[in-house]
Amino acid sequence: MVARITLLVGLLASSSYAFASIQQPSAFSARSTALRMSGGDAPLDLKPPAVLYEGAVAAGAAKAAGSFGKIFKLGIVSGAHIGFGAYLAIAIGGACPGIAAANPGLQKIIFGAFGLPFGLIMTLVTGGELFTGNTALVTAARMEGKTTTKALTKNWTASYLGNFVGSLFLAYLAFKSGTLGSGPAAAAIATAKCSLAWDVAFVRGILCNWLVCMAVYMASGCSTMVGKMTAVWFPISAFVALGLDHSVANMFIIPLGMLRGADVTIAEMFTRNLIPVTLGNIVGGALCVMAPFGMTMGKWFQKKDE
């Protein structure tokens, strides 16, 4: 008798579960139905190229419209974010001399993979103001007539100064924290960066921001966190592993190296690295990344009657 009752209860429970599964659509299905009924469409995981470019122009116009103070403050935050990325790269990739000696390629990808990608992700997700990315986005807005040269200059200046302040602040904190121990990586990297010929630093700046702005551009077209992280990780880890130069990252790396004993003066930091690298970053972001898309999907260099 007990066995029959147990069997009956089991059958009823199974039937109820099946009925509930059929009659009650999932939250995703309900949302999709609601979207169809309202005439809306679910957001695409990845925007098509033309829409991606339009979004970049709109983002650049919004950045250019911000006040100097707002851009400067968000620039400080982004400088710290990129600094954190460089900090982690030095702490991990710069602390494996055995791997560097036995397998230099592996050490380079370790240095690139752990650090700068997460710094840029923090900036993009939180709406920070990063000078290097702005060389692409705000330039696109200016060339499409969505902002003015004055607003572009304001944005670049405020974001650059803010990035510098944030990077310096984090460099000092990293130095005082003592977490890097007695490792020579920070000082060695700073010395190497300030020993480059001017033209070499300039070209490395072009190549670096070509990759950085491609990461920013691609991430802006992704609607999911996973998509943004994927878009950022490959180009950013690549530029670090290749040994290219990012002006904002160098605003952290060189001062940190100086605090840790690098024989580099403030004048050398600017004349031997930051100035040529910054100019190269501008060329990489504005011309190498945005110009081809602007001339094919936008209205760059077109006459008004075209």
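Refer to the preceding data block for the structure.
These numbers were taken from a predicted model, which means no experiment stands behind them.

**Q** Could you clarify how one ought to interpret the overall build of the chain in this entry?
**A** A tally of helices and strands in the chain yields 14 helices and zero strands. Tracing the chain from N to C terminus, the helices and strands come up as α-α-α-α-α-α-α-α-α-α-α-α-α-α. Buried residues in the chain amount to 43% of all 306 residues. Within the chain, contacts between residues separated by at least 24 positions form 84% of all contacts whose residues are at least 6 apart in sequence. Accessible surface for the chain amounts to roughly 15,600 Å². Of this, 71% is attributable to carbon and sulfur atoms.

**Q** How should the packing of helix α6 (residues 104-113) against helix α12 (residues 225-241) be read in this particular structure?
**A** Relative orientation and spacing of two packed helices are given, respectively, by the angle between their axes and the distance between those axes. Running from amino to carboxyl end, α6 crosses α12 at an angle of 130 degrees, the nearest separation of the two axes being 7 Å. When the axis of α6 is compared with that of α12, the two are oblique. In this structure, the crossing between α6 and α12 has a hand that is right-handed. Of the residues in α12, those touching α6 at K108, I109, F111, G112 and A113 are W233, S237, V240 and A241.

**Q** I would appreciate a short explanation of the environment of V248 in the present structure.
**A** Here V248 lies in helix α13 (residues 247-259). Looking at V248, the relative accessible area reads 0%, which means it is buried. For the pair V248 and F131, spaced 117 residues apart in the sequence, the C-alpha separation amounts to 7.7 Å. Not counting the four nearest positions on each side in its chain, V248 is found in contact with G79, I82, L130, T132, N163 and S167.

**Q** Can you help me understand the layout of surface pockets in this one?
**A** Rolled over the atoms, a probe sized like a water molecule indicates the empty space that remains. Of the volumes computed, that of the largest pocket is approximately 660 Å³. Q107, F111, I189, K193 and V240 are, among the 36 residues lining the largest pocket, the residues nearest its centre. At five residues, the largest contribution of residues to the lining of the largest pocket is made by helix α10 (residues 185-193). Residue composition of the lining of the largest pocket, by class: 24 nonpolar, seven polar and five charged. Here the second largest pocket is characterised by a volume of approximately 310 Å³. Surrounding the second largest pocket, 16 residues form its lining, K63, L124, G128, L137 and V216 being those nearest its centre. Contributions of two or more residues to the lining of the second largest pocket are made by α3 (49-65), α7 (116-126), α8 (131-143) and α11 (198-220).

The rules behind these values
- Residues numbered from 1 in each chain as written.
- Predicted model: local features only at pLDDT ≥ 70, side-chain atom pairs only at ≥ 80, totals over all residues.
- Heavy atoms only, no water.
- Helix = DSSP H or I, 4+ residues; strand = E, 2+ residues; numbered from the N terminus.
- Buried < 20%, exposed > 50% of the residue type's maximum accessible area, 1.4 Å probe, protein only.
- Contact = heavy atoms within 4.5 Å.
- Areas by Shrake-Rupley, 256 points an atom, 1.4 Å probe, with all protein chains shown as cover.
- Axes fitted to C-alpha atoms, helices over the stretch in contact; angles between N-to-C directions.
- Parallel < 35°, antiparallel > 145°, perpendicular 65-115°, else oblique.
- Left-handed = near helix turned anticlockwise from the far one by under 90°.
- 1 Å grid on protein atoms, 1.4 Å probe; cavity = no way out; pocket = protein on both sides within 12 Å on 5 of 7 lines; lining within 4 Å.
- Points joined across faces, edges and corners; volume = space filled by probe spheres on them.
- Nonpolar A, V, L, I, M, F, W, Y, C, P; charged D, E, K, R; others polar.

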